[in-house]
Amino acid sequence: MKKQDKQLDGSHSRRQFIQTSAIAGAGMVLGGTMKAFADESTNAENHTSMIDITKNIKTRGYAATDESGQLSPYEFERRPVGDDDILIDVKFASICHSDIHQEKGHWGKQQYPQVPGHEIVGVVTAVGRNVTKFKVGDRAGVGCMVDSCMECNSCKAGEEHFCDRGETVFTYGYPLESEPTGISQGGYSNKIVVRDHFAVHIPEHISFQEAAPLLCAGITTYSPLMDAQLKVGEKVGVAGIGGLGHMAVKLAVSKGAEVYAFTTSPDKVDDIKSWGAKEVIVVDEAFKNMQAYAKTLDYMICTIPYEFNITPYIFCLKPGGTFTFVGMPIKSEITINNLMLAFARVNFNASLIGGIPETQEVVHYCADNGIKPEIQVIKAENINEAWEKVVNKEARYRYVIDAATF
């Protein structure tokens, strides 16, 4: 894998990139008023029709209707394309473990029917009158959020997911009066209407299906790795090698880190080594084989989406090292022994996705450096089977749904 950058730090060039990305698209002005109609190319039927974008947009997808975790075909309407919106003809949407947690009510009661999916890529088919960031025909992606206040300090700083007013609207299941269903509906669908600011450009030199997982798995691991400001050669642990974890391995290796991967799946060892990891530790039930790595690592990122014994992982870090939790367990709660944490003398924190400018950054970084997720493309009819495999740790490593099959 291509190694870049002499330091894993927030360099001036990177910050300049983020600032530029926040106002990207100034040269793509599409003059005139909002088009009343948009072309719609339907892959399955291979024909072009016209959509009145001043009215609700008829959409097909798959939705959860209760906490069973079973999804079924669902026809619904999205809001008309507003002045600041774009309409995207979805090409691919990938499956995140968060989709399963949320639809099963693990993080609280949900409103149904609810369409999950926050790793979405496709082609812009219509734009609102105020939109300059995109034009019809552009390749675009949508990640974990679709709106915020856009006025507070956090939003202005490109950290819309931490909106100071608490007005971040995540991609599915969040109250949204403008939507006919009353909530935001996600990417397991053939179309999405989204505020232009919350979409990113997908470069031509990465495929749609490989770009989709970058919009959650990519940014969720990239952001804390960049914030850690690690030096080349420092020892980085990655705990949990699934959709997020395998991206963490690839990103850390690409930045020159010496990666130690921790997994409970022996059949993943060869894959992980092929991505450049220095060592792969197959964690046993008693954690005995982890003792050899006590006080070894400078940094560890944990992607495990379940409750588990954190202590053995923390003790793999050197005193003064940092443990970052990005996995979201059931009920979003973890238990940690404070006495053990004190003895370990490590810094413990958590991280939540990344802002829109940084999401654009990771998409470009991965496209430019050939860092691609390991994917399996499936049809919509196979979503429930894929969900079961994700829960059973059988995914290798991100399922991507072909939206033409909705």
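Counting starts from 1 at the beginning of each chain's written sequence and moves along it residue by residue. Local features in this predicted model are restricted to residues whose pLDDT is 70 or higher, and side-chain atom pairs enter the listing and the counts only when it is 80 or higher, whereas totals over whole chains, interfaces and linings include all residues. Where side-chain values are given, they derive from all heavy atoms of the structure, hydrogens and water being excluded.

A. Molecular detail of the packing of aromatic side chains. Pairing of aromatic side chains requires ring centres within 6.5 Å, counting the rings of Phe and Tyr and the six-membered ring of Trp. Pairs whose planes differ by under 30 degrees are stacked, by over 60 edge-to-face, and all others tilted. Counted according to the given criterion, the structure contains 14 aromatic pairs. Between the aromatic rings of Tyr260 and Tyr293, the centroid separation amounts to 6.2 Å while the plane-to-plane angle is 65°, which identifies the pairing as edge-to-face. Here Tyr260, found in strand 13 (residues 258-263), pairs with Tyr293, found in the loop between strand 14 (279-282) and strand 15 (297-302); they are 33 residues apart in sequence, far enough to count as distant. Note on Tyr293: relative accessible area 16%, which makes it buried. Ring centres 5.0 Å apart and planes at 75° place the aromatic pair Trp275 and Tyr397 in the edge-to-face group. Remark: Tyr397 occurs in the loop between helix 11 (383-391) and strand 19 (398-402) and Trp275 occurs in the loop between helix 7 (269-274) and strand 14; sequence separation between them is 122 residues. A simple rule labels every residue: compare its accessible area, found with a 1.4 Å probe on the protein chains alone, to the largest value its type can have, and call it buried under 20%, exposed over 50%, or partly exposed in between. According to the relative accessible area criterion, Tyr397 is buried, its value standing at 4%. Helix and strand labels come from DSSP, where a helix needs a run of H or I of at least four residues and a strand needs a run of E of at least two; each type is numbered from the N terminus.

B. Region of interest: the pattern of salt bridges. A side-chain nitrogen of Lys or Arg and a carboxyl oxygen of Asp or Glu constitute a salt bridge if their distance falls within 4 Å. Summed over the entire model, instances satisfying the criterion amount to 16 salt bridges. Glu119 is the salt-bridge partner of Arg398, the closest N and O atoms lying 2.8 Å from each other. Placement of Arg398 in strand 19 and of Glu119 in the loop between helix 2 (97-103) and strand 6 (120-127) is noted, with a sequence separation of 279 residues between them. Residue classification places Glu119 among the buried positions, given a relative accessible area of 0%. Ionic pairing is found between Lys389 and Glu385, a salt bridge with its closest N-O pair at 3.5 Å. In this pair, Lys389 and Glu385 are both assigned in helix 11, four residues apart and thus about one turn of the helix distant. The exposure class of Lys389 is partly exposed, given its relative accessible area of 29%. Here the residues in one salt-bridge network are Arg79, Asp85 and Glu179, joined through shared partners.

In short, shape yes, function no, at least from these values alone.
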